[in-house]
Amino acid sequence: MTARMIVILAALIGGLYAFDTFLARVERSEIGQEAERRFHSGLDLYLRKQPAKAAEEFRRAWSLERSNSRYQLELAAAELEAGDLDDAHTLLDDALRRDPNSGRANLLQARLLKYQRRPLESDSYYHRAIYGGWPGDGGNRRIQTRLELIRELDERGDRKQMLAELLPLEADTLNFETRKQVASFFTAAGATDRAAAVYKDLLTQHPGDADLLAGLGDAQLAAGQYAAALSSFQHAYRIAPARTQTQLDMQLAAGLVAIDPTPRRLPSREKFDRSNTILKMVGEACAANQDQLKQSGDMLTARADRTNEAAEQRLQLAEQLWRNCPSTQSRLLPLLMRKLSTEPTL
Amino acid sequence: MSTFQDREARLSILLSFLIGILVGLVVVAFVLLTGRLSARMYPAGDSPWRRLIIPILGSLFSGWLIYRFFPDARGSGIPQTKFAIFINNGYISTRTVIGKFLCCSTSLASGIALGREGPSVHIGAGIASVLARRAKLQTSTVKAMIPVGCAAALAAAFNTPIAAVLFSLEEVLGDLHAPVLGSVVISAATSWMTLHLLLGDEPLFHVPAYQLVHPAEFAIYAVLGVVGGLVSVAFVKLLLTLRRRFLLLPKTTAWLQPVAGGLLVGLLGWFFPEVLGVGYDYVERVLGGDSPLRTVLLLGGLKILATATCYSSGNAGGIFGPSLFIGAMTGGAVGSIAHHFFPTITANPGAYALIGMGTAFAGIIRTPLTSVIMIFELTRDYSIIVPLMISNLVAFFISARLQHEPIYEALAMQEGVYLPTGEHRDELDEVRVSQVMKSDEPLGAAMTVQAARKHLDEVQRNSWPVGDSRQIIGVITRPQLDGVKNGDTPLSAVINSLDNWPYLHPDHRLSYALERMGTAGADTLPVVSRANRSQLAGIVTLPDLLAAFGIARDKA
């Protein structure tokens, strides 16, 4: 091998390397642009509620640029929406293997497990998502993820866990809409005082907000403060008279005020009459226990003095009947009976 | 002499590195250039007219280039590479390398349904040949450098360095024990590193993790092997038949013939864009397991038609890539059907598509070992090996039974060139000395020189063992006998001891027996026991060996 040949070879290798590097750069750039175009097209379709078509575009984008985890995760999200759980599972497995701390990947995995009816594992991935890594600050994404988990817990009726998830949110700086949601969840979790406190705080900033007043009314209803709830609903109705739900809530609160036997200064006769009415309503709603039903019928037809004790007897029987009662369509009785079971009536 | 051989050996090693780097760079340029050209010819959202016109124009232009300037750039390049090794003393011209690069870039970028791996192999072999000749290496070393270039090219084109080494030995050389193994490994590794330096660790296909759902799937993989074998045979027979027809056309039309492929691909591409080019994008989708059965079946059939027409009409491009496409479609179809009927015990159709790729490769190219390793390297998943082996071997067996000549040898035969097939060599290698030796009696040690001369005249041989039926003591040759003046001299006084004379064992291969006869200049050799060299097992003569090879018959 001559020196001339070595020089020619070195020049050839150098020239080819430069040419290849140039071509590789052009390819990366063009493929990147094409992938980005497909990705945005996919996002557009996804927002227009066409997840299957969006998944096609995301898949194409991801096949062009495999290193882009954003494409992969949006593909998984679209496939989840389109109901293609197997493919989503494969993609998320891969994404989590590459980055186990990814907030978005953990959130999607939580949703996948939720769709697969594996709630405990799903909750665990929600927590990983909340404490995982998100692009930028990620504060808002963490809050939204926690709210999604709370919504799931609400649907499952797990009020205790809901409250446990809500309490950390009190420490976060939340925007108006999120605080409204939090207050509503507090009501659903049974923390009516906290809910009312949040609503009242928000009302100092937005006194004319009918939603807030209605929400406060709900919290007060759940807390057994029927008169206050009626007042809140009436206020909301004055601001937004077209809201039919507020009208219904107002009627409910008025009904509860009219039948509530617990106010301290209520005369004995009035308390007796209200107890009689409650027993009659519960008797009509609950036909499960024939003995108790007969007992309530006897009690309602028997002559009795309209005393506090007689009222108390009727309320106790109503509570016994209520315990074995199937769920009813009415909102009034559950609210009232919950209050009676927690508050002394005398 | 020894110094000269040392220099050759050192230079060969150095050249293997250089070939690896240079071929790696050229193949990466080839792949990237073809890809970018194709992207410009078919921009996103293109009109169907483009898909009709561009393949026609591409095949017309590349056909003219081939006819006018680069006649050796036609087709895949694998048969031409084998011509270089077995016929042309390792010679591939620089012009052929340049022509292959230009013509294949043009035709593949225009959407012709052929692959880039075969041409890459030819380009790699050409670069190796040119470099070895420029380095003034001996002809035998130049020949030995051809598989070195092939391995480098395939390692860069497929991103599968081990399969590249195996392919060079199994298909190109037809000998897995070839002495160039070291150089082949060096060049494949160097080329692969060059590829990684430029493009990173991107596999050819991104495939989901493979899983065997139930042992009963092995039976379905065997069925896939049967189907894959039959599809392979259909493809090969169609391609060879069409090629035969095209070869009957007047030579003056050779520049226009590739347009037949371009026109067909254009028409099919109008309705099914997936048929255009090598189609790896669509293969990846099928490997993902989300393609409907009807589409997979249709595309598999159309690809067979398109590739067979494009190749036989003389377009530049290979059949590696299309084999993988056809295999993926076949596997996808079998997998879809199996998954439909046995959803609980079968994997996603994508897993079958993956195995199907190897199956078709084994059936069409007839390199079962390379195909197993190649798919293993593509997936990097050990659990795929056993299903792959089952399916590949079934396909290989069926293909070998129904289409005797492997595709590259059959194509070479159509060109009037008879290449030695690996299978034929294997068959010969399987014949051992024990199968052709005879139990003729040796000459007695007490026999006179005169009597021995008479015996050699009778049997028409120039040498013969000396001893008795149980023990051999040496060999006598005609020149020795002729050198003795006294005809009454006993043979024991003039014989060659076995210490100085070649002999054979019953388990030696016939090629080795021929080699030993050539070295000794004798047409008869004794066959002795491995346990006791003095014990004569038989006698082998040159006519018997030649008869075993089917070359000549011993008239005597």
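1. Concerning the overall build of chain A
- Counting secondary structure elements, chain A contains 17 helices and 0 strands.
- Taking 346 residues into account, the globule formula puts the C-alpha radius of gyration at 20 Å, and chain A, at 31 Å, lies well above it.
- Considered along the principal axes of its C-alpha atoms, chain A spans approximately 125 × 45 × 35 Å.
- Burial statistics for chain A: of 346 residues in total, 36% are counted as buried.

2. Some remarks on the interface of chain A and chain B
- Between chain A and chain B, the residue contacts involve 20 residues of the former and 22 residues of the latter.
- For the side of chain A that touches chain B, the secondary-structure elements that each account for two or more residues are helix 1 (3–47) and helix 4 (85–98) of chain A.
- Here the side of chain A that touches chain B gets 15 residues from one element, more than from any other, and that element is helix 1 of chain A.
- Looking at the side of chain A that touches chain B, its residues break down into 11 nonpolar, 3 polar and 6 charged.

3. Here we look at the environment of His40(A)
- When you line up the elements, His40(A) lands in helix 1.
- Distance in space between the C-alpha atoms of His40(A) and Ala61(A) is 9.3 Å, their sequence separation being 21 residues.

4. As for the packing of helix 3 (residues 78–86) of chain B against helix 5 (residues 117–134) of chain B
Residues and elements named next belong to chain B.
- Axis separation between helix 3 and helix 5 bottoms out at 8 Å; the angle between their running directions is 25°. As judged from the angle between their axes, helix 3 and helix 5 are roughly parallel. Taken together, the residues of helix 5 that come into contact with helix 3 (itself represented by Ile78, Gln80, Thr81 and Ala84) are Gly118, Val121, His122, Ala125 and Ser129.
- Residue classes in the contact of helix 3 with helix 5 are distributed as 4 nonpolar, 5 polar and no charged.

5. Here's the deal with the confidence of the model for chain B
All names here are of chain B.
- Of all residues in chain B, 96% attain a pLDDT of 70 or more, and the chain-wide mean is 87.
- The weakest mean pLDDT in chain B belongs to helix 18 (residues 422–430) at 60; the strongest belongs to helix 9 (residues 217–248) at 95.
- Model confidence for the complex is summarised by a pTM of 0.72, with the ipTM given as 0.76.

Parameters and conventions
Residues numbered from 1 in each chain as written. Chains lettered and ligands numbered in written order. Predicted model: local features only at pLDDT ≥ 70, side-chain atom pairs only at ≥ 80, totals over all residues. Helix = DSSP H or I, 4+ residues; strand = E, 2+ residues; numbered from the N terminus. Rg over C-alpha atoms; globule rule 2.2 N^0.38 Å. Buried ≥ 20, exposed ≤ 12 C-beta atoms within 10 Å, placed from the backbone. Contact = placed C-beta atoms within 7 Å. Nonpolar A, V, L, I, M, F, W, Y, C, P; charged D, E, K, R; others polar. Axes fitted to C-alpha atoms, helices over the stretch in contact; angles between N-to-C directions. Parallel < 35°, antiparallel > 145°, perpendicular 65-115°, else oblique. pLDDT = per-residue confidence, 0-100.

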